Amino acid sequence: MTSIKIQLIMFWASVGFCFGGTVLFISGLIFKREPFVKYGTVFAYLAFIPLTAGLINRWVQTGHFPYWGVYEVLMSYAWGALFFYVVVQFLKPGLRIAGTLVLPVVMLMVGIAVMSSVEMKEIPRTFFTYWLGIHILFAKLSYGSVIISAALSIAYLFKSKQQKRGVVNPLLARLPQVEKIDNWNYQFIAFAFVMLGIMIASGAVWAYKAWGRYWGWDPIETWALISWLIYGLILHLRVTMGWRGRRASWLAVFAFILVIFSFFGIPLVYPSIHEHLKYTVGLSRGLFGNGGQA
Amino acid sequence: MSTRLLGRVWRFFKSKELAVLLITCITASSVMGMLISQPDKVFTSWWFIGISGAFIINLTSCTLSQVIKARRVWKSSEPGHLSIWALIVIHVGLIIIVLGGFISAGFKMTGYMTVMEGEVRTETQEEYDVLKKAPLFGIIGNSGYGIGLQKQQRILDREGKVDYIVSEIILLEGDRVILKESVEEGKPLIYKGLGFYEHNAGFAPLVTIEDSNGNMIYKGFIFMETVNGQPENYYQRRNFTVPGRNIKLDMRFYPDMVIEAGQVKTQKYSLGNPGLEINVTQDGLKMEKGIIKMGEKINFEGNSLSFDEVRHWIGLEIIYDPGAGVLFTGCLITAIGLCFLWSGKKSLHWWT
């Protein structure tokens, strides 16, 4: 069996488990059944195993960490998000419900990835640098924390609204108090802000070493900066103007949409991302000066 | 200025509400910059620079205010002072980052110069093909030393395409070689503060045009542009006008030419059997079309065009950026601040 076949089997298995997990999480919320959520988490673990195996297989096949091309990029981001979720819910079981958002997002990413080209492409030499490794690592971490923060925000918005009505879904009721959710949200936003900052800084160092410029107002760079500024703004609004609770949650959801757009939407909108500008003059010189006239 | 007024100015600039407003303005401007077709118009505009300037004043004032607050906490031995100082360090780092950006904006010099194998160009203002001078250009640049390309090698990948290009660059003072180093993408040559980065590279065939009496009309190396094509890249030069004549040449260069089933293509991307596909136009009329190997010639209207030699060339981007070091120092300081922040028990809560 070829490496590609193994990967596709692994990734489709992961999609299947993510789908099962998503159904369980949503069913848990609709039918107010706690065991469904527990099984949903088990499905998240089950999805993580083939996803990791497939990713390792790709790594071995290409000889580099999978970060090149739509197939590899989506797959590695999906892995990062799922890994982040698995770790977070292990450390804080109260956050298990975040799987309701994480699993469908991961399922979509893996699903899109398996349907894109699996062709192995040569990576330009400038991409073989440890700065790029740092850049990618922190991008994955920021992405994971952004999803969790968005999930917490949605949970906060639902729970606080239901509390006002006086009827709270038992599953949401099992979550910690809304103040606690809000505080966790704040911590994940702060974490995302720092991770995005390191991602941008390491990307700048890499660009400077490769091309002599650390910033070029390139669409991807600028949208990453905009995402970072929005998270900075959320933090400052919280500490200066007391924007907590619903307002902070709405902002976090908005920031999540922005980050998704920055990561995956920009390449669709702008065709020439991260392309080095070309000079078009000074391309001919004669042997005898005077523009080559004999 | 009265003390009262000074106090009001100080309170205005150190206010966190102003910080929120300025971050909002910078974010909104950046979004706007990305939505219009020429983002540079926003990012180099006076008002964007003005907002950034106000932001740096605000950031500095807030940080100074934090220092005052931190000293009070320190004296009163309240717990959590490490976190306070960590936040101060982070903000100092951010100030340095913004300052670095300003220094780059004002003092960065960029130039572009093509150098062909076997030739030497000098690092002088006149020799640059493109130059964006900066205030320190007279001190750092315009030094007059020679820049030469001794040798260029194309390293091919598993698919036979160019993986990367290694160019041996020499710097000369008079005839004396003062530095010899390999330059490749991501591996620049740094000399006296100037960085020489590989920007592009290609081939330059030597083309000679003679009239029917053997008089030379033109002789020169014509630089081929590398075009990112599908399924593979190719080298071409379109609309090259022979100086002083109404002759135009459209050329496509093949480093290792083969003709398979009537299709001309290159077998590999390093020099093997170089060939040139030429279209000659005179006074707007197509005169001749042909494919020639190195050493061959084609005739048109009693003239002859020959292709006798081919050399490599490199396009160097020459950069001096005093702000980069400052900016990266700021990044480092911010990172140190973050490490301290997470080691503090009170973390981010002291401020709220």
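1. Brief notes about the domain arrangement of chain B
Many authors give the size of an interface as the accessible area that is lost as the parts come together. We note that the domain assignment places domain 1 (3-108 + 323-351), domain 2 (109-199 + 315-321) and domain 3 (203-314) within chain B. Computed over C-alpha atoms only, the centres of domain 1 of chain B and domain 3 of chain B are separated by 57 Å.

2. Overview of unusual backbone geometry
Both trends apply: most residues other than glycine have a negative phi, and most peptide bonds are in trans. For Trp-217 of chain A, which is not glycine, the phi torsion reads 50 degrees and is therefore positive. Here Trp-217 of chain A shows up in the loop between helix H7 (178-211) and helix H8 (219-241). Assessed through its relative accessible area of 25%, Trp-217 of chain A is described here as partly exposed. Even without glycine at this site, Ala-261 of chain B takes up a positive phi of about 50 degrees.

3. Points about the domain arrangement of chain A
Residue and element names in this part refer to chain A. In terms of domain boundaries, chain A breaks down into domain 1 (1-122) and domain 2 (124-274). For domain 1 versus domain 2, the separation of C-alpha centres amounts to 20 Å. Between domain 1 and domain 2, the residue contacts involve 28 residues of the former and 30 residues of the latter. Together, the buried faces of domain 1 and domain 2 total about 2,500 Å²; carbon and sulfur atoms form 83% of this surface. Viewed at the interface, domain 2 and domain 1 are joined by zero salt bridges. At the boundary of domain 1 with domain 2, the tally comes to two residue pairs in polar contact (both at pLDDT 80 or more).

4. What to know about the interface of chain B and chain A
Facing the 67 residues of chain B at the interface are 55 residues of chain A. Interface area for chain B against chain A, summed over the two sides, is near 5,400 Å², with a carbon-plus-sulfur share of 64%. It is Val-20, Met-34 and Phe-328 of chain B that lose the most area in chain B upon contact with chain A, and together they represent 11% of the buried surface on that side. On the surface where chain B and chain A come into contact, there are zero salt bridges. Run the count over chain B and chain A and you get three residue pairs in polar contact (both at pLDDT 80 or more). With 11 residues, helix H2 (residues 16-35) of chain B is the single largest residue contributor to the side of chain B that touches chain A. When the residues that make up the side of chain B that touches chain A are grouped by side-chain class, the tally is 34 nonpolar, 16 polar and 17 charged.

5. Here's the deal with a positive patch on the surface
Residues and elements named next belong to chain A. Together, Lys-161, Lys-164, Arg-165 and Arg-246 make up a positively charged patch on the protein surface. Per element, the largest residue contribution to the positive patch is three residues, and it comes from helix H5 (residues 130-165). Assignment of secondary structure puts Lys-161 in helix H5.

6. Focus: the environment of Ile-190 of chain B
Residues and elements named next belong to chain B. Along the chain, the position of Ile-190 falls in strand S7 (residues 189-191). In this structure, the C-alpha to C-alpha distance between Ile-190 and Ile-319, residues 129 residues apart in sequence, is 9.4 Å. Excluding residues within four positions of it along the chain, Ile-190 makes contact with Leu-179, Gly-195 and Tyr-197.

7. Let's talk about the environment of Gly-295 of chain B
All names here are of chain B. Within the fold, Gly-295 resides in the loop between strand S16 (285-293) and strand S17 (297-300). The class of Gly-295 is exposed, set by a relative accessible area of 60%. Once residues within four sequence positions are removed from consideration, Gly-295 is found in contact with Phe-307 and Asp-308.

8. Some points on the packing of aromatic side chains
By the definition in use, this model includes 27 aromatic pairs over all chains. Between Trp-217 of chain A and Phe-48 of chain B, the aromatic rings sit 6.0 Å apart at their centres with planes inclined by 80 degrees, giving edge-to-face as the arrangement. Taken together, the positions of Trp-217 of chain A in the loop between H7 and H8 and Phe-48 of chain B in helix H4 (residues 46-75) put the pair across two chains. Linked through ring pairs, Phe-203, Tyr-235, Phe-253, Tyr-269 and Phe-307 of chain B together constitute an aromatic cluster. Above the plane of the ring of Tyr-186 of chain A lies Arg-238 of chain A, whose end atom (NZ or CZ) is 4.2 Å from the centre. Looking at Arg-154 of chain B, its charged tip hangs above the ring of Phe-203 of chain B, at a distance of 4.2 Å from the centre.

9. Considerations on the confidence of the model for chain B
Taken residue by residue, chain B gives an average pLDDT of 87. The fraction at 70 or more is 93%. pLDDT under 50 marks residues 346-352 of chain B. Its contacts with residues more than four places away, or in other chains, come to 25 contacts.

10. Quick look at the confidence of the model for chain A
All names here are of chain A. In the predicted model, chain A carries a mean pLDDT of 83, and the fraction of residues at 70 or more is 90%. Helix H2 (residues 34-62) holds the highest mean pLDDT among the elements of chain A, 92, whereas strand S1 (residues 284-286) holds the lowest, 38. When the criterion is pLDDT under 50, residues 272-294 qualifies, and its contacts beyond four places in sequence or with other chains add up to 64 contacts.

11. Comments concerning the pattern of salt bridges
Residues and elements named next belong to chain B. Scanning the model with the defined rule gives 10 salt bridges over all chains in all. Residues Lys-180 and Glu-168 are paired through a salt bridge, measuring 3.8 Å at the closest nitrogen-oxygen approach. With Lys-180 in strand S6 (residues 176-183) and Glu-168 in strand S5 (residues 162-173), this residue pair connects regions lying 12 residues apart in the sequence. Among the ionic pairs, Glu-173 bridges to Arg-176, the shortest N-O distance being 3.5 Å. Taking the relative accessible area as the measure of exposure, Glu-173 reaches 37% and is therefore partly exposed. Judged by relative accessible area, which is 52%, Arg-176 ranks as exposed. Linked by salt bridges that have partners in common, Arg-121, Glu-127 and Asp-129 make up one network.

12. Thoughts on H7 of chain A
Residue and element names in this part refer to chain A. Compared with the 50 Å implied by 1.5 Å per residue over 34 residues, the 48 Å span of H7 between its first and last C-alpha is a close match. Of all 34 residues in H7, 26 are buried; the element is thus mostly enclosed. Immediately downstream of H7, the backbone of Gly-212 shows phi near 80 degrees, a positive value.

13. Quick notes on the pairing of S16 of chain B
All names here are of chain B. The pairing of strand S15 (residues 275-282) with S16 spans eight bridges and is classified as antiparallel. Note that in S16 the partner of Glu-277 across the bridge is Ile-291. The antiparallel pairing of S15 with S16 creates a hairpin that spans two residues between the two strands, and Asp-283 there sits at a positive phi of about 50 degrees.

Here is what the cut-offs are and how they apply
- Residues numbered from 1 in each chain as written.
- Chains lettered and ligands numbered in written order.
- Predicted model: local features only at pLDDT ≥ 70, side-chain atom pairs only at ≥ 80, totals over all residues.
- Heavy atoms only, no water.
- Domains from an automatic or database assignment.
- Helix = DSSP H or I, 4+ residues; strand = E, 2+ residues; numbered from the N terminus.
- Buried < 20%, exposed > 50% of the residue type's maximum accessible area, 1.4 Å probe, protein only.
- Contact = heavy atoms within 4.5 Å.
- Buried area = accessible area lost by both parts, 1.4 Å probe.
- Salt bridge = Lys/Arg side-chain N within 4 Å of Asp/Glu carboxyl O.
- Polar contact = N/O pair within 3.5 Å; in protein donor to acceptor, adjacent residues only side chain to side chain.
- Nonpolar A, V, L, I, M, F, W, Y, C, P; charged D, E, K, R; others polar.
- Patch = residues over 30% accessible without salt bridge, like charges linked within 9 Å, V, L, I, M, F, W, Y side chains within 5 Å.
- Areas by Shrake-Rupley, 256 points an atom, 1.4 Å probe, with all protein chains shown as cover.
- Lys, Arg positive; Asp, Glu negative; His and termini not counted.
- Charge placed at Lys NZ, Arg CZ, Asp CG, Glu CD.
- Phe/Tyr/Trp six-rings, centres within 6.5 Å; stacked < 30°, edge-to-face > 60°.
- Lys NZ or Arg CZ within 6 Å of the ring centre and 35° of its normal.
- pLDDT = per-residue confidence, 0-100.
- Expected span 1.5 Å × (residues − 1).
- Pairing = 2+ DSSP bridges.

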